[in-house]
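Take a look at the letters that make up each chain.
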Amino acid sequence: PVAQAPSAAKSGKDTNFKDKEKSGSVRNSNIVAAKAVADAVRTSLGPRGMDKMIQSGNGDVTITNDGATILNQMSVIHPTAKMLVELSKAQDIEAGDGTTTVVVIAGALLDAAQKLLVKGIHPTAISESFQRAATQAETILQNMATPIDLSNDEQLVKLATTSLNSKVVSQHSWLLAPMAVNAVKKVLDESRPDNVDLKAIKIIKKMGDTVEESEMIEGALIDQKTMGRGGPTRVEKAKIALIQFQLSAPKTDMENQVIISDYAQMDRALKEERQYLLDLCKQIKKSGCNVLLIQKSILRDAVSELSLHFLAKMKIMVVKDIERDDIEFYSNILGCRPIASADHMVAESLGSADLVEEISTGGDGKVIKVTGIQSSGPAVSILLRGSNKLVLEEADRSLHDALCVIRCLVKKRFLLPGGGAPEMEVACKLREKANERGGAEQYCWRAFADALELVPYTLAENAGLSPIHTVTELRRQHANGHANYGVNVRKGFVTDMKEENVVQPLLVSHNAIKQASECVRSILKIDDIV
């Protein structure tokens, strides 16, 4: 009888066992998928990182070094891998820079978690330990950071340069870094000193010339041509109106047909139209306006030939097709209110500037430059040039990263050394702290610390140094209390990063560790895909 009894128990045990196996395999496949994404981005980390060329479905090619852009363009199908894409997006929104770092850290943490799972530690235990370790890491970062004064331009330029170093346009960082610093300082709002609205910095890209020809303009750039037709292309002492109505014959919303029986009626219709337009133009002229920006319109033509003719006669410069999203920007920077109907054309709603002129940017490209704005709100424009489309777009992304770095500084005014120093420091301190922990948590903290070392490891690897030598040397320096030591890719060994002027804002590393550990925790918690 003893022989038959276990059969029931055995089958019960079997079903349990199978379920366990399934959740394990799902977790494994999730980790593998996410790691694959992280590995794809890993080679583009750091100043010696490589670029990726991404070809999208419609045949567009993007060359970029920016983690968020790479992941965005990659068509990722696996749901867990998508989480990493979201992760780099979150980092891009919050900090703006360090989008590659955050994915690399997440990949390393997943790798560590996988090893811990093999040891048989429960996923929830790992996840909670990681959370605690991440909180501890934030404290360590805060302790090693040095406060910074925003009026110290030299330091700010160093920060922006560090951010641009890993990009294609790094050789132009002498131009772009100070430009980014000045742009952010221009739009700093005194009333809200801890936030910067990057929307107030308009970047306009134009082909032709090299990146070195880029310039920052204290004023507005409008990426449109003037409508010409004999109107002026250069207006001094300009009064600018931003209108949201159309200068063309009114149309009904529905399809309509007007049946005209004889020529007199036809003539009258045309005369009416002409009169209507003339009245509109006169109203505009009466308010003293001599530069007209017209919002892009969908329902009917924003301007008709006739009204353009009238306006040209009245010496009013016309620019049409201002995008709806830009209306707010232009009304801010020009100090004019958007005008929704012709009856509201009054002198108070106009913005004023010393000079509005059309400048040609090589080829047929023209932009309109508005300078000497009296009542300008905080806003600046940057004109970026580049020899081809790919360089231009990459310059745009790099400049955006540099602007974000300075914005981070405004939010949290602390500096960290760059070059993998903060990650290494956190790893060393966490290892010491791990010994005070009991049970499985000690293992998890150690794994967390090891995972962070992947950042300096990758930096060294991308620079073609021996990663193992570099990382062990770095570990030794940090153990001896040199917290600012990092991987120096230019000289090929470990040096003090502060002296090399490689610095980064605290917010970037702080956020990267926080977001990465959060993402890893949610991946670990998943045990089944239904």
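The rules behind each value
- Residues numbered from 1 in each chain as written.
- Predicted model: local features only at pLDDT ≥ 70, side-chain atom pairs only at ≥ 80, totals over all residues.
- Heavy atoms only, no water.
- UniProt positions renumbered as here; feature names shortened; annotations may be inferred.
- Helix = DSSP H or I, 4+ residues; strand = E, 2+ residues; numbered from the N terminus.
- Rg over C-alpha atoms; globule rule 2.2 N^0.38 Å.
- Buried < 20%, exposed > 50% of the residue type's maximum accessible area, 1.4 Å probe, protein only.
- Contact = heavy atoms within 4.5 Å.
- Areas by Shrake-Rupley, 256 points an atom, 1.4 Å probe, with all protein chains shown as cover.
- Lys, Arg positive; Asp, Glu negative; His and termini not counted.
- Charge placed at Lys NZ, Arg CZ, Asp CG, Glu CD.
- Expected span 1.5 Å × (residues − 1).
- Pairing = 2+ DSSP bridges.
- Axes fitted to C-alpha atoms, helices over the stretch in contact; angles between N-to-C directions.

The name given to the protein chain in an unreviewed UniProt entry is T-complex protein 1 subunit delta, with the source organism recorded as Pristionchus entomophagus. In its Sequence similarities (unreviewed entry) section, the UniProt record describing the protein chain reads: "Belongs to the TCP-1 chaperonin family." What UniProt states about the protein chain under its Subcellular location (unreviewed entry) heading is, verbatim, "Cytoplasm".

## With respect to the overall build of the protein chain
The helix and strand tally for the protein chain stands at 16 helices and 17 strands. Its C-alpha atoms give the protein chain a radius of gyration of 30 Å, more than 25% over the compact-globule value 24 Å for 530 residues. Based on the C-alpha atoms only, the size of the protein chain along its principal axes is roughly 115 × 70 × 40 Å. Buried residues in the protein chain amount to 51% of all 530 residues. For the protein chain, contacts bridging at least 24 residues in sequence account for 77% of all contacts bridging at least 6. Working note: accessible area of the protein chain is about 25,300 Å², and carbon and sulfur atoms make up 50% of it. Treating the 65 positive side-chain charges of the protein chain as one cloud and the 67 negative ones as another, the clouds have centres 2 Å apart.

## Looking at helix 6 (residues 153-165)
Here helix 6 contains 13 residues, and its C-alpha end-to-end distance of 18 Å stays within 8% of the 18 Å for a straight helix at 1.5 Å per residue. Taken together, the buried positions of helix 6 are Leu-156, Leu-159, Ala-160, Thr-162, Ser-163, Leu-164 and Asn-165. Check the buried side of helix 6 and you find it contacts helix 7 (173-187), helix 11 (389-411), strand 14 (414-417) and strand 17 (503-505).

## Side note on the sheet that holds strand 13 (residues 380-386)
Taken in spatial order, the three strands make up an open sheet running 4-13-5, and their pairing is mixed. Taken across any chain shown, the strands that pair with only one partner, and hence form the sheet edges, are strand 4 (201-207) and strand 5 (215-217). Looking at each pair of strands side by side, their axes are set apart by 25° on average, direction ignored. Where strand 5 meets strand 13, three bridges bridge the pair, whose relative direction is antiparallel. In the sheet register, Met-216 faces strand 13, and the bridge partner there is Ile-382. Against the sheet, helix 7 makes contact with strand 4, strand 5 and strand 13, and its axis sits at roughly 160° relative to strand 13, the strand it touches most.

## Observations concerning helix 8 (residues 263-286)
For helix 8, which comprises 24 residues, the first-to-last C-alpha distance of 34 Å matches the rise-based estimate of 34 Å (1.5 Å per residue) to within 8%. All of the buried residues in helix 8 are Leu-277, Leu-278, Leu-280, Cys-281 and Ile-284. Here the buried face of helix 8 lies against strand 8 (291-295) and helix 9 (305-313). A positive backbone phi angle near 90° is found at Gly-288, which sits one or two residues after helix 8.

## Quick word on the pairing of strand 13
Counting buried residues in strand 13 gives seven out of seven residues, a clear majority hidden from the surface. Here strand 13 shows two buried faces, one formed by Val-380, Ile-382, Leu-384 and Gly-386 and the other by Ser-381, Leu-383 and Arg-385. Summarising the sheet, strand 4 and strand 13 pair through seven bridges and their orientation is parallel. Bridge pairing in strand 13 links Ile-203 to Ile-382.

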